[in-house]
Amino acid sequence: MLGRLFRSAGAVAIGTAIGQGAIVLATPLLSRMYSPAEFGALAVLLTVGNIAMALACLRYDLALPSAEPGEIRGLVTVSVGACLGFASLTTLVLTAISGTAIFGTVVHTMSQHPGMVGLCVFSVGVFQATNAYLLRQNDFRGAGIQRAAQGLTFVLLALIPALGVLWAYALSFLVAGWSCLQIFRQRSPDFVPWREAAKKYRQLPMLSLPGALLDVVGYSLCIWIVVSHYGVASTGVYSQVQRLIGAPMMLASISLGQIMLRHTGEIRDDKPAIRHLVSQLMLVMGAALVVMLPIVWFVGADILRFFLGPGWVIDRELVVALTFAVAVRACVSPLSTVLVSLRRFDMALAWQILYFCSAATVLPWLARHLDLNWYASAYAIHEAVLYGIYLAIILLALRK
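In this text the structure is predicted, and so the values were computed from the model without any measurement. One numbering rule holds for all chains: residues counted from 1, following each sequence as written. This being a predicted model, a pLDDT of at least 70 is required before a residue's local features are given, and a value of 80 or more before pairs of side-chain atoms are given or counted; all residues contribute to the totals for chains, interfaces and linings. For side-chain calculations, the full set of non-hydrogen atoms in the structure is used, while hydrogens and water are omitted.

Trainee: Would you take a moment to explain helix α2 (residues 36-55) for this structure?
Mentor: Since one α-helical turn is 3.6 residues long, residues separated by three or four positions face the same way. Taking 1.5 Å as the rise per residue, α2 with 20 residues should run 28 Å; its terminal C-alpha atoms sit 29 Å apart, in good agreement. Only protein chains enter the accessibility calculation, which uses a 1.4 Å probe. A residue is then buried if its area is under 20% of the maximum for its type, exposed if over 50%, and partly exposed in between. Runs of H or I in DSSP of at least four residues are treated as helices and runs of E of at least two as strands, each being numbered from the N terminus. Counting buried positions over the 20 residues of α2 gives 16, a clear majority of the element. Helix span, as expected, comes to 1.5 Å for every residue beyond the first.

Laid out in structure tokens, this is it:
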């Protein structure tokens, strides 16, 4: 079963590797074209993208991997409509507050580009819905190609100075547009209207959306806190380290999590089989973490200095701390899809509330008392403790 899981995730992972590999290869050039402050603004936009990926579809994308064939078009319609609504609302709000200085550094940074942020919300949401559809069709190769195309498109657009990295990121997710159009062109004899599909799966936005909001905002708080306490330029350094080392892990984790959702949905009534799959996956990812950290300790900072150039100050302590923090999250997050398959939204929500409350109180306090390197180390400890609790909750759900 584990072999099947990794074979399914392999095509998606290869696409992710191509897309992210293109970004890594282009980094020496991009880091010399754009300042740390511009990459700091990009880091804030990335949090918007992460929020859109989790919320813009109102969680109806989670229904696609296990939906009936006749429900697919209706669910995609609901998802795309929700993305359009969120994007329009975001643009209107940011336009209304543009030029004000009462909402802090994060909101001020995004309010300078309301249309671009709205486009980002829409394009990322559609990308997520389309990716879920491809996995539903077992088109893992197509999902991999789409991920590769997004990364390659970002690089090509970012190489145009007049466009900039922010617009490049927002526009790069529009590569999903073609696949989305193909979905709407399909006709099914047992077609279910979008209203009926939305009603049937209404438990997803009702039960999963609040927890997802807490989860993704809690994760984004770290970047927002760094922007507010250490400045946009320091955030650029922080985010580049996190992106170059952590983003490939998180994207691979997301790919694996989506495959996990597909497979555990198929065997949701066979808890022994799910327990066996989870235990095997824990051993593999734990071993990978043990191997990776010493490598990062000895050569990680030197590699990043080479890639980013002389204008970037990279400390080994920052690199190791952020690598460990992201690796812990990347290892546990795919396993959390078990709670979705088992419909244990209550257990997931309990942890998400805990994480949000901890991130909203502990992390700002740490930022007020520590320099950036020590803050990153404290953040890594915070992630290890909180995600350790999450893992315990997942295992508890499998024992009940």
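Trainee: Would you mind going over unusual backbone geometry with me for this structure?
Mentor: Comment: phi is negative for the bulk of residues other than glycine, and the bulk of peptide bonds are trans. The phi dihedral of L58 falls on the positive side, at around 60°, and the residue is not glycine. Assignment of secondary structure puts L58 in the loop between α2 and α3 (72-97). Note on L58: relative accessible area 25%, which makes it partly exposed. Even without being a glycine, R59 presents a positive backbone phi close to 75°. Take R59: it is sitting in the loop between α2 and α3. In this structure R59 comes out as buried when scored by relative accessible area, which is 14%.

Trainee: Quick question: what am I supposed to make of the nonpolar core here?
Mentor: As a rule of thumb, nonpolar side chains are buried together in soluble globular proteins. In terms of nonpolar packing, the biggest core is built from 132 residues, with L45, F154, Y169, Y238, I314 and Y375 touching the most fellow members. Sort the elements by how many residues they give to this core and helix α10 (residues 203-266) lands first, with 18 residues. We call two residues in contact when some of their heavy atoms are within 4.5 Å. Among all residues touching Y238, those that are not within four sequence positions of it are C222, I223, V226, L318, L322, L372, Y375, A376 and Y379. By nonpolar core we mean a set of buried residues, namely Ala, Val, Leu, Ile, Met, Phe, Trp, Tyr and Cys, connected to one another through side-chain atoms within 4.5 Å. The next biggest cluster of nonpolar side chains, apart from the first, holds 6 residues, and it includes L55, L209, A212 and V216.

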